[in-house]
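Here's the letter readout for the chains.
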Amino acid sequence: SLTAIGDLLQAMCGRSLAQVGLPEPAVVHDLHGNALLNRETSYDEEILSAVVAEREPTLTDDQRVAYEGISNRMASGEGGIVFLDAPGGTGKTYLLNLLLAKVRSSGQIALAVASSG
């Protein structure tokens, strides 16, 4: 689906469908009119699983420490709030996109937020 292509494009290149000249998919409001919930429950889990399998081996040592630590917290049900703080160019976005793909590939909902100030 176009949503899955858009998600892969964002995860792999950090670009949106519109930025590469493709139309954005129409959001269907079938879950009580909640567009965000619709989006978070419409990912192609098979495609995301393939992305995770392809990208896990490419993590740097530092990324792997963070990835495994966060993944273990999620798997244990511990959860919590995690802050990724590192200099530019160290792969924070790459790591975050991989973590989001991992969560979403198992049918769970993942939301990323950024703090400022």
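Quick look at the overall build of the protein chain
Moving on, step 1. Along the backbone of the protein chain there are five helices and zero strands.
Moving on, step 2. Relative to the globule expectation of 13 Å for 117 residues, the C-alpha radius of gyration of the protein chain, 15 Å, shows essentially globular dimensions.
Moving on, step 3. Dimensions of the protein chain, computed from C-alpha atoms along their principal axes, come out at roughly 40 × 35 × 30 Å.
Moving on, step 4. Within the span of the protein chain, comprising 117 residues, buried residues form 26% of the whole.
Moving on, step 5. Taking contacts inside the protein chain between residues at least 6 apart in sequence as the whole, the part at least 24 apart equals 54%.
Moving on, step 6. When the accessible area of the protein chain is evaluated, it comes to approximately 7800 Å², of which 56% is carbon and sulfur surface.

A short note on helix H5 (residues 92-105)
Moving on, step 1. Here H5 is 14 residues long and its end C-alpha atoms lie 20 Å apart, about the 20 Å a rise of 1.5 Å per residue gives.
Moving on, step 2. Among the residues of H5, those classed as buried are Leu95, Asn97, Leu98, Leu99, Leu100, Ala101, Val103, Arg104 and Ser105.
Moving on, step 3. Elements in contact with the buried residues of H5: helix H1 (2-13), helix H2 (35-40), helix H3 (45-55) and helix H4 (61-76).

Considerations on the nonpolar core
Moving on, step 1. Among the nonpolar cores identified, the biggest contains 10 residues, and these are Tyr43, Leu48, Val52, Leu59, Tyr67, Ile70, Leu95, Leu98, Leu99 and Ala101.
Moving on, step 2. For this core, the secondary structure elements donating two or more residues are H3, H4 and H5.
Moving on, step 3. The greatest single-element share of this core, amounting to four residues, is contributed by H5.
Moving on, step 4. In this view, Leu98 contacts Val51, Val52, Arg55, Glu56, Leu59 and Tyr67; residues no more than four positions away in its chain are not counted.

Describing the pattern of salt bridges
Moving on, step 1. Counted according to the given criterion, the structure contains two salt bridges.
Moving on, step 2. Salt-bridge contacts for Glu56 lead to Lys102; the nearest nitrogen and oxygen are separated by 3.6 Å. Here Glu56 is found in the loop between H3 and H4, whereas its partner Lys102 is found in helix H5, with 46 residues between them in sequence.
Moving on, step 3. Judged by its relative accessible area of 24%, Glu56 falls in the partly exposed class.
Moving on, step 4. One salt bridge connects Glu78 with Arg73, and the closest N-O pair in it is separated by 3.8 Å.

Here we look at the side chain of Ser71
Moving on, step 1. Following the sequence through the fold, Ser71 ends up in helix H4.
Moving on, step 2. Here Ser71 falls in the buried class, since its relative accessible area comes to 9%.
Moving on, step 3. Among all residues touching Ser71, those that are not within four sequence positions of it are Leu99 and Lys102.

Overview of the packing of H1 against H3
Moving on, step 1. Viewed as axis vectors pointing N to C, H1 and H3 meet at an angle of 20 degrees, and their least axial separation amounts to 11 Å. Put simply, H1 runs roughly parallel to H3. H1 and H3 meet at a crossing whose hand is right-handed. Contacts from Ala4, Leu8, Ala11 and Met12 in H1 reach Ile47, Val51 and Arg55 in H3.
Moving on, step 2. Across the contact of H1 with H3, the residue classes tally to six nonpolar, no polar and one charged.

Reading the values: rules and limits
- Position numbers for residues count from 1 along each chain, tracking the sequence in the order it is written.
- For a predicted model such as this one, the threshold for reporting local features is a pLDDT of at least 70, and the threshold for listing and counting side-chain atom pairs is 80 or more; totals across whole chains, interfaces and linings nevertheless cover every residue.
- Computation of side-chain values: all heavy atoms of the structure, hydrogens and water removed.
- Comment: elements are numbered from the N terminus, with helices defined as DSSP H or I runs of at least four residues and strands as E runs of at least two.
- Here the radius of gyration uses the C-alpha set of atoms, whereas the globule reference equals 2.2 Å times the residue count to the power 0.38.
- Exposure classes here rest on a 1.4 Å probe applied to the protein chains alone. A residue is buried below 20% of its type maximum, exposed above 50%, and partly exposed in between.
- Pairs of residues are marked as contacts when any of their non-hydrogen atoms sit within 4.5 Å.
- Here the Shrake-Rupley method, with its probe set to 1.4 Å, supplies the accessible areas, and only the displayed protein chains count as covering residues.
- The length a helix should cover is 1.5 Å for every residue beyond the first.
- To qualify as a nonpolar core, a set must consist of buried Ala, Val, Leu, Ile, Met, Phe, Trp, Tyr and Cys residues joined through side-chain atoms within 4.5 Å.
- Salt bridges are counted wherever a side-chain nitrogen of Lys or Arg sits within 4 Å of a carboxyl oxygen of Asp or Glu.
- Fitted lines through C-alpha atoms serve as axes, helices being fitted only where they are in contact, and the angles separating the N-to-C directions of these axes extend from 0 to 180 degrees.
- An angle counts as roughly parallel when it lies under 35 degrees, as roughly antiparallel when it exceeds 145, as roughly perpendicular when it falls between 65 and 115, and as oblique in every other case.
- The crossing is said to be left-handed when, going from far helix to near helix, the turn is anticlockwise and less than a right angle, and right-handed when the turn is clockwise.
- Residues are grouped as follows: Ala, Val, Leu, Ile, Met, Phe, Trp, Tyr, Cys and Pro are nonpolar; Asp, Glu, Lys and Arg are charged; every other residue, Gly included, is polar.

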